[in-house]
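Structural overview for review
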Amino acid sequence: MEVGSGFINVNCHIVCFEKIKIGNNVAIADSVRIRDSDNHQILSSGHIKTQPVEIGDNVWIGIGVTILKGVTIGEGAVIAAGSVVASDIPPRCLAAGTPARVIKTDIEWEL
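The structure contained in this document is the topic of the report that follows. Everything numeric in this text was worked out from a predicted model, so none of it was measured.

1. Overview of the overall build of the protein
Regarding its fold elements, the protein presents zero helices and 14 strands. Helices and strands in the protein line up, N terminus first, as β-β-β-β-β-β-β-β-β-β-β-β-β-β. The dimensions of the protein, computed from C-alpha atoms along their principal axes, are 45 × 25 × 20 Å. Each of the 111 residues in the protein was classed as buried or not, and the buried ones make up 33%. Within the protein, residue pairs in contact and separated by at least 24 positions form 23% of the contacts whose partners lie at least 6 positions apart.

2. Some points on the sheet that holds strand β14 (residues 101-105)
The strand order across the open sheet formed by six strands is β2-β5-β8-β11-β13-β14, and the pairing between neighbours is mixed. At either margin of the open sheet sits one strand with a lone partner, and together these are β2 (6-8) and β14. Relative to strand β11 (residues 78-79), strand β8 (residues 60-61) runs parallel, the two being bridged by two bridges. Opposite I61, over in β11, you have I79 as the bridge partner.

3. Overview of the packing of aromatic side chains
Overall, the coordinates contain one aromatic pair when judged by the stated rule. When the ring of W60 is compared with that of W109, the centres are 5.5 Å apart and the planes differ by 40°; the resulting orientation is tilted. In this pair, W60 sits in strand β8 while W109 sits in the segment after β14, placing the two residues 49 residues apart along the sequence.

4. Here's the deal with a nonpolar patch on the surface
Together, M1, V3 and I8 make up a nonpolar patch on the protein surface, roughly 280 Å² of accessible area in all. Along the chain, V3 turns up in strand β1 (residues 2-3). Residue classification places V3 among the partly exposed residues on the basis of a relative accessible area of 49%.

5. Topic: unusual backbone geometry
Note the cis peptide between T98 and P99, where omega equals 0°. Its location among the elements puts P99 in the loop between β13 (93-96) and β14. Phi is positive for N25, close to 60°, though the residue is something other than glycine. Inspection of the secondary structure assignment puts N25 in the loop between β4 (20-22) and β5 (26-28). Taking the relative accessible area as the measure of exposure, N25 reaches 31% and is therefore partly exposed.

6. Examining the sheet that holds strand β6 (residues 33-35)
One open sheet holds the four strands; their spatial order is β3-β6-β9-β12, and the pairing between them is parallel. Lying at the two open borders of the sheet, with one neighbouring strand each, are β3 (13-15) and β12 (84-85). Two elements, β3 and β6, share three bridges in a ladder whose sense is parallel. From the neighbouring strand, V15 faces β6, where its bridge partner is R35.

Reading guide: rules and limits
- Within every chain, residues take consecutive numbers counted from 1 along the sequence as written.
- Where totals are concerned, whole chains, interfaces and linings use all residues; where local detail is concerned, this predicted model gives features only for residues with pLDDT of at least 70, and gives and counts side-chain atom pairs only at 80 or more.
- Computation of side-chain values covers all heavy atoms of the structure but excludes hydrogens and water.
- Helix numbering and strand numbering both begin at the N terminus, where a helix is a DSSP run of H or I of at least 4 residues and a strand a DSSP run of E of at least 2.
- Summary of the burial criterion: residues with accessible area below 20% of their type's maximum are buried, those above 50% are exposed, and those between are partly exposed, where the area comes from a 1.4 Å probe applied to protein chains only.
- Contacts: residue pairs with any heavy atoms within 4.5 Å of one another.
- Two strands qualify as a pair provided DSSP detects at least 2 bridges between them.
- The aromatic pairing rule takes the rings of Phe, Tyr and Trp, using the six-membered ring of Trp, and pairs them if the centres are within 6.5 Å, calling planes under 30 degrees apart stacked, those over 60 edge-to-face and the rest tilted.
- Two joining distances apply to patches: 9 Å for like charges and 5 Å for nonpolar side chains (Val, Leu, Ile, Met, Phe, Trp, Tyr), and every residue must have over 30% relative accessible area and no salt bridge.
- The Shrake-Rupley method, run with a 1.4 Å probe, gives the accessible areas here. Residue values count only the displayed protein chains as cover.
- Here, a salt bridge means any side-chain nitrogen of Lys or Arg that lies within 4 Å of a carboxyl oxygen of Asp or Glu.

None of the figures reported here should be taken as evidence of function without further support.
What follows is the structure, encoded as structure tokens:
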């Protein structure tokens, strides 16, 4: 696990089996969950139990967000409260929902 700078708030759960990388100036709100593994094997072809998670620089992750294995969140992105991130989120966008999807592009934010 690699952690840059920023902050991680209370009640967060980060479960790293192989690789989670969190960039610089990352704001992680409370009750966020980040996992790089399913913790178990599904006995079917093509199932991959563990995949890396990468969170770019200057990312804001809202309260109660869940980030699942194999996800990359691009630099400058914002993930709205309560979202479940199951696929990649491009840089400088606002993503929301379950599963999270891009709802606004070309955004900027600051602490």
